[in-house]
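# A closer look at the structure
The primary structure of each chain is shown beneath.
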Amino acid sequence: MRTSIPKDELALLEVRSYTGNIYMPVNQQEIQEAVNYLSNFEVVGFDTETRPNFVKGQRNKVALLQLFAGERAYLFRLNQVKFGSPLTDFLADARIIKTGAAIHDDLKGLRKLCEFEPCGFVDLQNLAKQVGIQEFGLRGMSGLLLGFRISKAQQTSNWEATVLTEAQQRYAATDAWISLLLYQKLISLTPNSL
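Thresholds applied
Along each chain, the written sequence defines residue order, and numbers are assigned to residues from 1. Owing to the predicted nature of the model, reporting of local features is limited to residues with pLDDT of at least 70; listing and counting of side-chain atom pairs is limited to 80 or more, with chain, interface and lining totals taken over all residues. The side-chain figures draw on all heavy atoms in the structure; neither hydrogens nor water molecules are used. Comment: elements are numbered from the N terminus, with helices defined as DSSP H or I runs of at least four residues and strands as E runs of at least two. Remark: exposure states derive from per-residue accessible area (1.4 Å probe, protein chains only) relative to the maximum for the residue type, with buried under 20%, exposed over 50%, and partly exposed in between. Note on contacts: a residue pair is in contact if any heavy atoms of the two residues lie within 4.5 Å. Think of each axis as a best-fit line through the C-alpha atoms, taken over the contacting stretch in the case of a helix, with angles from 0 to 180 degrees between the N-to-C directions. Between 65 and 115 degrees an angle is taken as roughly perpendicular, under 35 as roughly parallel, over 145 as roughly antiparallel, and anywhere else as oblique. Throughout, a crossing is termed right-handed when the near helix is turned clockwise from the far one, and left-handed when it is turned anticlockwise from it by less than a right angle. Only one rule defines a salt bridge in this text: a Lys or Arg side-chain nitrogen within 4 Å of an Asp or Glu carboxyl oxygen. Using a 1 Å grid laid over the protein atoms alone, points where a 1.4 Å probe fits but cannot get out form a cavity; open sets with protein on both sides within 12 Å along at least 5 of 7 lines form a pocket; any residue with an atom within 4 Å of a point counts as lining. Grid points are joined across faces, edges and corners, and a volume is the space filled by probe spheres set on the points. For this classification, Asp, Glu, Lys and Arg are treated as charged, while Ala, Val, Leu, Ile, Met, Phe, Trp, Tyr, Cys and Pro are nonpolar and the rest, including Gly, are polar.

## A look at unusual backbone geometry
In this model, S85 is joined to P86 through a cis peptide bond whose omega is 10°. With respect to the element layout, P86 can be found in the loop between β4 (72–77) and α3 (87–91). In this model, A102 sits at a positive phi of 55°, which is unusual for a non-glycine residue. Here A102 is to be found in the loop between β5 (97–100) and α4 (103–113). A residue is classified by how much of its surface remains accessible, and A102, at 36% relative accessible area, is partly exposed.

## Observations regarding helix α6 (residues 138–146)
For α6, a buried count of seven out of nine residues is recorded, marking the element as mostly surrounded by other parts of the structure. Listed as buried for α6 are L138, G140, M141, S142, G143, L144 and L145. Where α6 is buried, its residues meet α1 (7–12), α5 (124–130) and α7 (166–189). Positive phi appears at G147, one or two residues downstream of α6, with a value of about 80°.

## Thoughts on the packing of α6 against α7
Contact geometry for α6 and α7: axes closest at 10 Å, N-to-C directions at 50°. What the angle tells us is that α6 and α7 run oblique. Considering the relative orientation of α6 and α7, their crossing is left-handed. Together, L138, M141, S142, L145 and L146 of α6 and D175, I178, S179, L181, L182, K185, L186 and L189 of α7 make up the contact between the two elements.

## Examining the pattern of salt bridges
Per the counting criterion, the structure on display carries seven salt bridges. In this structure, the salt-bridge partner of R16 is E14, at a minimum N-O distance of 3.3 Å. E160 is the partner of R51 in a salt bridge, and the nearest nitrogen-oxygen pair spans 3.1 Å. You can see R51 sitting in the loop between β2 (43–50) and β3 (62–69) and its partner E160 sitting in the loop between α6 and α7, a full 109 residues away along the chain.

## Notes on the side chain of T50
With respect to the helices, strands and loops of the structure, T50 is situated in strand β2. Assessed through its relative accessible area of 16%, T50 is described here as buried. Beyond its immediate sequence surroundings of up to four residues, T50 is in contact with R59, N60, K61, V62, A63 and W159.

## Considerations on the layout of surface pockets
By volume, the largest pocket is sized at about 480 Å³. Residue lining of the largest pocket: 23 residues in total, with D47, T48, E49, D106 and Q155 positioned closest to the centre. Listing elements by their share of the lining of the largest pocket, those giving two or more residues are β2, α4 and α7. In terms of residues, the lining of the largest pocket owes the most to one element, β2, which gives five residues. Looking at side-chain class alone, the lining of the largest pocket contains six nonpolar, nine polar and eight charged residues. Considered as a void within the structure, the second largest pocket measures approximately 170 Å³ in volume. Every residue lining the second largest pocket is listed: T50, R59, N60, K61, V62, D105, K108, G109, K112 and L113. Top element by residues in the lining of the second largest pocket is α4. It accounts for five residues. Partitioned by chemical class, the residues of the lining of the second largest pocket number two nonpolar, three polar and five charged.

Okay, structure coming up:
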């Protein structure tokens with residue numbers, strides 16, 4: 001099994017993004033409905049976005065929480081909706097696996113908004129290491145394990161904008177979607193040891 005993919009080879013792969021339904025809950029009832037839906041799944045793709053800050057030593061608050069399962073991607077605009085229960089209860093539920101890449105900083109940022117005890121989180125980078133893979137970013141892992149790449153063009157866009165563009169929404173949903181696909185692929189590589 002290959003453990004890495006050269007950048008020039010990665011650049012030649014087809015670019016794919018999440019094309020399904022995207023929901024952006026705007027009030028507590030819609031947040032509760034989203035949590036109810038996501039709670040039906042054993043594994044959920046996870047990511048966050050923060051408006052970039054180009055001043056050394058300064059970091060903005062997490063602006064967006066992305067969760068994906070089944071056929072729905074949820075984008076929670078944490079700069080516009082209350083971050084607390086039921087979202088924190090969901091993120092603290094050990095029965096549901098939440099998976100993403102380099103999640104330590106994501107969780108640290110979320111806990112600055114509202115203190116909770118994250119449970120059930122699985123970092124894709126740790127799974128990759130366990131099977132000997134040397135690609136740790138979502139883009140590289142996607143190319144190596146799934147045969148396509150994802151765009152990172154919106155990564156440094158303004159996640160605190162009043163309205164997120166269609167490109168921002170697709171980018172954010174793609175990161176949560178691809179996290180779940182990569183988790184499933186990595187688990188399939190070593191079904192007995194993970």
